[in-house]
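As a plain string of letters, each chain reads:
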Amino acid sequence: MILIAIGANLAGVDGSSPIETCRAAVPLLCEIPGLSFVALSGWYRTAPQPRAEQPDYCNGAIRFFGEIDPAELLARLHEIEERFGRQRAGLNAARTLDLDIIDLNGAIRATPAPILPHPRAHQRAFVLRPILDVAPGWRHPVLHQSVATLLAELPPQGIQPWHEEHP
């Protein structure tokens, strides 16, 4: 199982809203060689974590199966982010598009990049709630806890379904 988190909280270079950017990224993710689409989560409006003076995020997750080198997948994700105007301004900075590998077939690795599973996924409702949609049976490869348990143990983080009337 391959899980990729999708997020955005800035308008795209073409003026697209965060939800439009996230939706537009999905077909590009599905074109990555070695990946076969399984499911796409709902979209969620989430407060920045950690709290910051930035717009709310649109977040979701996509599930694939397949085989791909972790570094190759990371490079492909970075290429897609760049197509949508991603600027790497620092940790937790606002962004036009953020694509993170959460799990890659249960691989555990500290180096080289990417670190697997994603080192902060278990602390983030904006990652776990969408994963619950696409992989309710997923267990964290290191912590061996279910996504539902991890999500239930988090403090409130300001996450709600994305409603179209709020751009």
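Residues numbered from 1 in each chain as written. Predicted model: local features only at pLDDT ≥ 70, side-chain atom pairs only at ≥ 80, totals over all residues. Heavy atoms only, no water.

(A) Quick peek at unusual backbone geometry. With omega at -10°, the peptide bond leading from T111 into P112 counts as cis. Among the structural elements, P112 can be located in the loop between strand 5 (98-104) and helix 3 (125-134). Here A113 and P114 are connected by a cis peptide whose omega angle stands at 5°. Among the structural elements, P114 can be located in the loop between strand 5 and helix 3. A positive phi is found at N105, a non-glycine position, where the angle reads about 55°. Its place among the elements puts N105 in the loop between strand 5 and helix 3. Since its relative accessible area comes to 34%, N105 is described here as partly exposed. In the Ramachandran plot, H144 falls in the positive-phi region, its phi being about 60° despite a non-glycine side chain. (Helix = DSSP H or I, 4+ residues; strand = E, 2+ residues; numbered from the N terminus. Buried < 20%, exposed > 50% of the residue type's maximum accessible area, 1.4 Å probe, protein only.)

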